[in-house]
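# An overview of the molecular structure
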Amino acid sequence: MILLLGGSGYVGSVFAKGLTQRGMAYRVVSRRQCDYTRRDQLVALIDDTRPSFLINAAGYTGKPNVEACEQHKAECLLGNAVLPGIVREACQIRGLPWGHVSSGCIYNGVRADESGFCETDPPNFCFRGPPCSFYSGSKALGEERLAGAEDVFVWRLRIPFSHRDGPRNYLSKLMRYDRLLDVTNSLADIDEFVDACLHCWLDRVPFGIYNIVNSGSVSTRDVVDLIRQRRITDRRFCFFRDEAEFMEATTGVPRSSCVLDNSKLVATGFPMREVGQAIDAALERWQPAA
Ligand SMILES: NC(=O)C1=CN([C@@H]2O[C@H](COP(=O)(O)OP(=O)(O)OC[C@H]3O[C@@H](n4cnc5c(N)ncnc54)[C@H](OP(=O)(O)O)[C@@H]3O)[C@@H](O)[C@H]2O)C=CC1
Ligand SMILES: Cc1cn([C@H]2C[C@H](O)[C@@H](COP(=O)(O)OP(=O)(O)O[C@H]3O[C@@H](C)C(=O)[C@@H](O)[C@H]3O)O2)c(=O)[nH]c1=O
């Protein structure tokens, strides 16, 4: 049995779907039923349920986007920086292997040689490498709490998208924002992300950090071109002149725009699709929100 913390959230619900599809037994744990932000309660839950693995898909992201983290710093720190340490301690006490959903947004840009960031590169969009958003800073602190931990996967997700229209889907967001920032990013099809995470556990991949994104990178304009080609919307897309204009027009919270190298994951035998191909496939079977 697998314990799934935050299983009712955006990312957690896709894990729940992936586990159901595989016929794997799991239990969604919400803070309402068990305050898993308290180590004693989490240890007691592990003792009661005897899971073979735990997935931590809980955290604070801010809604509608990370800008909200600047106003909710305590919740953000608790969910992203403190909670991973508590889960680490509880799992260590009971010898339970686990996986943690982290974020690639602890990086900005590309490496000096213009390649994507690897798992061994230190974060450069974090409290130790300012400027950063409060959200990114808190996620980097969460990873620090896991340094040296055994028996844990740190799965770095980045800007999820899917064929299901919705407020958290990057493709939907691009179709709804008044103006767009043209930046180059690594992205992840969220179903493929979950498949890759479950592969790590089921195929007994070595524990450690994994960048779980589709291969390559895309610019916002590339994505908009794909949306246009599939005739998903007839709206006219407008772009900010540059990042300075974006910062002025929005609440001035810096965003991480970065490229991640996924070759460590691919080398484990999980071939992530090229990002443009994955986006086009999502748009081909696009399910508009009701
Ligand atoms: N969505 C995205 O774009 C990305 C998300 N991630 C990471 O994935 C994880 C899940 O994100 P997502 O599913 O989008 O978030 P949601 O807000 O949709 O769900 C997160 C769930 O976490 C639980 N939770 C535990 N502690 C807190 C807290 N302090 N504040 C708020 N919620 C808390 C809540 O579940 P309950 O109350 O039921 O226990 C909540 O429903 C986070 O760690 C996030 O950083 C990483 C990259 C991209
Ligand atoms: C607000 C806004 C954003 N953007 C751009 C900025 C950025 O490149 C992209 C996404 O920005 P958003 O503000 O929608 O999303 P943001 O909350 O920054 O997204 C992040 O959520 C957290 C939880 C993560 O971990 C990240 O991986 C990522 O998914 O859209 C616009 O083009 N126009 C806008 O008006």
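Residues numbered from 1 in each chain as written. Chains lettered and ligands numbered in written order. Predicted model: local features only at pLDDT ≥ 70, side-chain atom pairs only at ≥ 80, totals over all residues.

Per an unreviewed UniProt entry, the recorded name for the chain is dTDP-4-dehydrorhamnose reductase, and the organism is Stieleria maiorica. UniProt, in the comment section headed Function (unreviewed entry), describes the chain in these words: "Catalyzes the reduction of dTDP-6-deoxy-L-lyxo-4-hexulose to yield dTDP-L-rhamnose." (UniProt positions renumbered as here; feature names shortened; annotations may be inferred.)

On to the site of ligand 1. The environment of ligand 1 is made up of 25 residues, and the closest members are Gly-6, Gly-9, Ser-30, Gly-59 and Gly-79. Elements represented by at least two residues in the shell around ligand 1 include exactly helix H1 (10–21), helix H3 (73–94) and strand E4 (98–103). Per-element accounting of the shell around ligand 1 gives the leading share, five residues, to H3. Its residues placed into classes, the shell around ligand 1 shows 10 nonpolar, 10 polar and five charged. (Near = placed C-beta within 6 Å. Helix = DSSP H or I, 4+ residues; strand = E, 2+ residues; numbered from the N terminus. Nonpolar A, V, L, I, M, F, W, Y, C, P; charged D, E, K, R; others polar.)

With respect to topology, six strands assemble into an open sheet ordered E2-E1-E3-E4-E5-E10, the strand pairing being parallel. A single partner strand is all that each edge strand has here, and the edge strands are strand E2 (26–29) and strand E10 (208–211). Here the average twist between neighbouring strands, direction ignored, is 20°. One ladder, built from six bridges, connects E4 with strand E5 (residues 152–157); its direction is parallel. Paired with Ser-102 across the two strands is Arg-156, which belongs to E5. Against the sheet, H1 contacts strand E1 (2–5), E2, strand E3 (53–56), E4 and E5, and its axis sits at roughly 160° relative to E1. (Pairing = 2+ DSSP bridges. Axes fitted to C-alpha atoms, helices over the stretch in contact; angles between N-to-C directions. Contact = placed C-beta atoms within 7 Å.)

This next bit is on the site of ligand 2. The immediate surroundings of ligand 2 are formed by 16 residues, with Thr-61, Asn-65, Val-66, Ser-103 and Leu-180 found nearest. In the shell around ligand 2, the residues fall into seven nonpolar, five polar and four charged.

Residues Lys-63 and Pro-64 are joined by a peptide bond in cis, for which omega reads 5°. Between Pro-130 and Pro-131 the backbone carries a cis peptide bond, its omega angle lying at 0°. Within the secondary structure, Pro-131 sits in the loop between E4 and helix H4 (134–145). Unusually for a residue other than glycine, Ile-159 sits at a positive phi of about 40°. With respect to the secondary-structure elements, Ile-159 resides in the loop between E5 and strand E6 (160–161). Looking at Ile-159, the number of C-beta atoms within 10 Å reads 21, which means it is buried. (Buried ≥ 20, exposed ≤ 12 C-beta atoms within 10 Å, placed from the backbone.)

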